[in-house]
Amino acid sequence: MAPWCRKSLQAALQLEKKNPGVGIEVIDLRTLSPYDWDAIRASVDKTSRVMVVHEDTISWGYGAEIAARIGDELFDKLDAPVRRVGALDTWVGYHPQLENAILPQVDDLAREMDRLLAY
């Protein structure tokens, strides 16, 4: 399982404990070419919200492409804007403190999930 997926699951558990009755679905796409569009569509139909999470930079990446396709093809199913969480638009420093500052952490994901739920 990818690190961002583990972090997403941890953040989802935090939010579900904080908000009883709220269920958060996490999908690990596993591959990007091809990616599982049917799973994405089913999740949007079920939840009406999307947060695309990855450890690549937020700009110019596959997360932006997936978010754009969701916005384009599934706009009528959404109750909130598509959110994206990724690394800062900078090089990743290979030191644990630098990586923690640049890459999305559990608290970052939980904060964005909370904002998305509140929309």
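The structure reproduced in this document is the subject of the present report. (Residues numbered from 1 in each chain as written. Predicted model: local features only at pLDDT ≥ 70, side-chain atom pairs only at ≥ 80, totals over all residues. Heavy atoms only, no water.)

Some thoughts on the overall build of the protein
The helix and strand inventory of the protein stands at five helices and two strands. Reading the helices (α) and strands (β) of the protein from amino to carboxyl end gives α-α-β-α-β-α-α. In terms of overall dimensions, the protein is globule-like: its C-alpha atoms have a radius of gyration of 14 Å, near the 14 Å expected for 119 residues. For the C-alpha atoms alone, the extent of the protein along its principal axes is close to 40 × 35 × 25 Å. The proportion of buried residues among the 119 residues of the protein is 34%. Carbon and sulfur atoms make up 53% of the accessible area of the protein, which totals about 7,500 Å². Taking the average location of the 14 positive side-chain charges in the protein and that of its 19 negative ones, the two points are 4 Å from each other. (Helix = DSSP H or I, 4+ residues; strand = E, 2+ residues; numbered from the N terminus. Rg over C-alpha atoms; globule rule 2.2 N^0.38 Å. Buried < 20%, exposed > 50% of the residue type's maximum accessible area, 1.4 Å probe, protein only. Areas by Shrake-Rupley, 256 points an atom, 1.4 Å probe, with all protein chains shown as cover. Lys, Arg positive; Asp, Glu negative; His and termini not counted. Charge placed at Lys NZ, Arg CZ, Asp CG, Glu CD.)

Here's the deal with the pairing of strand β1 (residues 51–57)
Across four bridges, β1 lies against strand β2 (residues 83–87) in parallel orientation. Looking at the pairing, methionine 51 lines up with arginine 83 of β2. Following the backbone out of β1, through helix α3 (residues 62–73) and into the adjacent parallel β2, one traces a crossover that is right-handed. (Pairing = 2+ DSSP bridges. Right-handed = clockwise from strand over helix to strand, strands pointing away.)

Remarks on unusual backbone geometry
Cis peptide bonds are those with omega within 30 degrees of zero, and the linkage from serine 33 to proline 34 qualifies with 0°. When you line up the elements, proline 34 lands in the loop between α1 (3–18) and α2 (37–47). Of note, the phi angle at arginine 30 is positive, near 65°, even though the residue is not glycine. You will see that tryptophan 60, though not glycine, has its phi angle at about 65°, which is positive. Note on placement: tryptophan 60 falls in the loop between β1 and α3. Among the residues examined, tryptophan 60 registers a relative accessible area of 83% and is labelled exposed.

Considering the environment of glycine 21
Here glycine 21 is to be found in the loop between α1 and α2. Given the relative accessible area of 85%, glycine 21 is considered exposed.

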